[in-house]
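Geometric and topological summary
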Amino acid sequence: MNVAEEILASGHRMCPGCGTPIALRAILSMVNGPVITANSTGCSEICFGAYPYTAFRQPWIHSLFENAPSVISGLEALHKKRLKTGELKESQKNIKFLCIGGDGAMYDIGLQWLSGAVERGTNAVFVCFDNEGFMNTGNQRSSSTPLYSSTSTSPSGKPQKRKLLTEIMVAHNIPYVAQASPSHIADLKMKAKKAFEVDGPAFLNILTTCPTNWKLPPEKGNDVLMNAVNTNFWPLFEVKNGKWKINFKPQERKPIEEFLKGQKRFAHLFKKENKNLLADIQTNVDENFTRLLKMAEAFGE
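For clarity, every value in this text was computed on a predicted model and none was experimentally measured.

Analysis parameters
- Residues numbered from 1 in each chain as written.
- Predicted model: local features only at pLDDT ≥ 70, side-chain atom pairs only at ≥ 80, totals over all residues.
- Heavy atoms only, no water.
- Phe/Tyr/Trp six-rings, centres within 6.5 Å; stacked < 30°, edge-to-face > 60°.
- Helix = DSSP H or I, 4+ residues; strand = E, 2+ residues; numbered from the N terminus.
- Buried < 20%, exposed > 50% of the residue type's maximum accessible area, 1.4 Å probe, protein only.
- Lys NZ or Arg CZ within 6 Å of the ring centre and 35° of its normal.
- Salt bridge = Lys/Arg side-chain N within 4 Å of Asp/Glu carboxyl O.
- Contact = heavy atoms within 4.5 Å.

Let us now look at the packing of aromatic side chains. Taken as a whole and assessed by the stated rule, the structure comprises six aromatic pairs. Judged by centre distance (6.3 Å) and plane angle (55°), the ring pair of F65 and F134 falls under tilted. Here F134 lies in the loop between β4 (125–130) and α6 (165–170) and F65 lies in the loop between β2 (60–62) and α3 (68–85), a separation of 69 residues in the sequence. On the basis of an interplanar angle of 55° and a centroid distance of 6.2 Å, the ring pair of F259 and F266 is categorised as tilted. Across this residue pair, the class does not change: F259 and F266 are buried. An aromatic cluster of three or more residues is present, and its members are F48, F56 and W60. A cation over a ring is seen here: R265 above W214, with NZ or CZ 4.0 Å from the ring centre.

This brings us to the pattern of salt bridges. One pass over the full model with this rule turns up 15 salt bridges. Among the salt bridges present, the one from D108 reaches K163, with a minimum N-O distance of 3.8 Å. Of this pair, D108 sits in helix α4 (residues 103–109) while K163 is found in the loop between β4 and α6, placing the two residues 55 residues apart along the sequence. Taking the relative accessible area as the measure of exposure, D108 reaches 29% and is therefore partly exposed. Among the residues examined, K163 registers a relative accessible area of 22% and is labelled partly exposed. Counted as one network, the salt bridges with shared partners bring together D130, E132, R162 and R265.

Turning our eyes to something else, we now look at helix α9 (residues 221–230). Structural remark: α-helix, 3.6 residues per turn; residues separated by three or four positions point the same way. Of all ten residues in α9, seven are buried, a share of seventy percent or more. Those residues of α9 not exposed but buried are G221, V224, L225, N227, A228, V229 and N230. Looking at the buried positions of α9, the neighbouring elements they touch are β6 (202–207), α8 (211–214) and α10 (257–260). Where α9 ends, the next residue or the one after it, N232, has phi of about 70°, a positive value.

No statement about biological role is implied by the geometric values presented.
Here is the structure:
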């Protein structure tokens, strides 16, 4: 697919260094045929669809913050019904359905709608662009905000651990769930391809940078995402039909400080008196990755 044919045009308004358009372009490049997208309220909706324009060259719908999964569920059900009644032209039969939103929409405000859509078996790909906070409205904490991260509503550091949404989606027993990062673009594309190919719901959770609120230079975004993977803060794994697989294991796991440094939201952690907080984060990361290893060993391919 050349640039002229890409579904996502270059004229969007996302911030320089934002990981979302990189990830979305990679995902859309794996669609074989037409796709209809429902977009939750948030950074992506504001910047990809500022009225009266849209960066999408194929049908794109924005409704509310929380109910994009329900919108795509209804559209997929209508398409299925028209397939049965023979109302569709040949070119309309192979339509894919995509629902996208940030962590505010997927982890928090719209979790009920997301859970309901996949539980009903909606044949669509659901994508969360996880930039770890309500970035579009001023960097308020979300349930995906990391432990001790400073936000506008937790300036001293969020005291709670982040929600493990990827594993929550695995618990829905849907055909495909994966965690990915734009820093490992081949892995992301591979997972997007699998997601569009399965029959039934698929969920992709993708860590994306927010230079504005992570407080880092735009050109450093990919390095930060690389360190998120290399420290095991954001493991790359997939679960297909109940089979767990870790896609990347660092040959030499870097300490969590390598991911945290350079981001002003974590600057307070590097004060001498907060050394114990860094140790807490490292312990939490190690425990989470150890659990994934055990799941892959017990329920792997």
